[in-house]
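These are the residues of each chain, in order.
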Amino acid sequence: MVEVSPDLQTIFINGPEDPRPSPNPTQIRLYHHHICPFSEKVRNAFAAKNIPFQGVEIDLSKKPQWHVDLCGTVPIVELTDGTIINDSKQIMDYLETTFPTSGYHILPEEPERVDLLRNTVPLAENVFKTWYPIQARRDYDEAEFK
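Calculation notes
- Residues numbered from 1 in each chain as written.
- Predicted model: local features only at pLDDT ≥ 70, side-chain atom pairs only at ≥ 80, totals over all residues.
- Heavy atoms only, no water.
- Helix = DSSP H or I, 4+ residues; strand = E, 2+ residues; numbered from the N terminus.
- Areas by Shrake-Rupley, 256 points an atom, 1.4 Å probe, with all protein chains shown as cover.
- Phe/Tyr/Trp six-rings, centres within 6.5 Å; stacked < 30°, edge-to-face > 60°.
- Buried < 20%, exposed > 50% of the residue type's maximum accessible area, 1.4 Å probe, protein only.
- Pairing = 2+ DSSP bridges.
- Contact = heavy atoms within 4.5 Å.
- Axes fitted to C-alpha atoms, helices over the stretch in contact; angles between N-to-C directions.
- Salt bridge = Lys/Arg side-chain N within 4 Å of Asp/Glu carboxyl O.

A. Focus on the overall build of the chain. Within the chain, the regular secondary structure consists of 5 helices and 5 strands. Beginning at the N terminus, the succession of helices and strands in the chain can be written as β-β-α-β-α-β-β-α-α-α. On the chain, roughly 9,200 Å² of surface is accessible, and the fraction owed to carbon and sulfur atoms is 56%.

Written out as structure tokens, the structure reads:
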């Protein structure tokens, strides 16, 4: 069995009484939820760039107040200096610009393709924003769906 460094071990936040984890001065921390498509996109970016991070799995149905105060959504990246980035596109841009030679490029190298991607992704994200709550609940009626 592979031993995981304590500063990379996943933290689970399962209810409103769970305190905010103390700062991690050595590793980037990713607050996420396992079925959130925006969190998945960021986890994939970390993997593609070969960047280690400490995961904090948030139960979004039982958010603590400190999480709501941060922004109330996922993903959130907390840098080692305490800086918070709470938008998946901004997180991916941060990873690409801060770690340009690590792993794979997560943005195209041609500027015109980057522009195309940045114009197309919001369309897909609008679909995710609509579909994700419906899929996560799995108990909707036809009128509500429409």
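B. Representation of the packing of aromatic side chains within the structure. Scanning the entire structure with this criterion turns up 3 aromatic pairs. Seen from their ring centres, Tyr-31 and Trp-66 are 5.9 Å apart, and the 65° between their planes marks the pair as edge-to-face. Of this pair, Tyr-31 sits in strand β2 (residues 29-32) while Trp-66 is found in helix α2 (residues 65-70), placing the two residues 35 residues apart along the sequence. By relative accessible area, which is 14% here, Trp-66 ends up buried. Pairing Tyr-94 with Phe-99 gives two aromatic rings, centres 6.5 Å apart and planes at 85°, and the pair type is edge-to-face. By relative accessible area, Phe-99 is classed as partly exposed at 24%.

C. Here's a closer look at unusual backbone geometry. Residue Pro-75 follows Val-74 across a cis peptide bond; omega there is 5°. Note that Pro-75 resides in the loop between α2 and β4 (76-78). A positive phi angle, close to 55°, is found at Asn-50, a residue other than glycine. In this fold, Asn-50 is placed in the loop between α1 (37-48) and β3 (54-58). Residue class for Asn-50 comes out exposed when judged on its relative accessible area of 59%.

D. Expanded view of the sheet that holds β3. As summarised here, the arrangement of the 5 strands in space is β1-β3-β2-β4-β5, forming an open sheet in which the pairing is mixed. Each having just a single partner strand, β1 (11-13) and β5 (84-85) make up the two edges of the open sheet. Of the strand pairs in this sheet, β1 and β3 are connected by 3 bridges, and their pairing is parallel. Following the sheet pairing, Ile-11 is matched in β3 by Val-56. Taken strand by strand, α1 contacts β2 and β4, and its axis lies near 155° from that of β2.

E. Focus on the pattern of salt bridges. Using the criterion set out here, one finds 6 salt bridges in the structure. Asp-87 is the salt-bridge partner of Lys-89, the closest N and O atoms lying 4.0 Å from each other. Shared partners join several salt bridges into a network, and the residues in it are Arg-20, Arg-29 and Glu-78.

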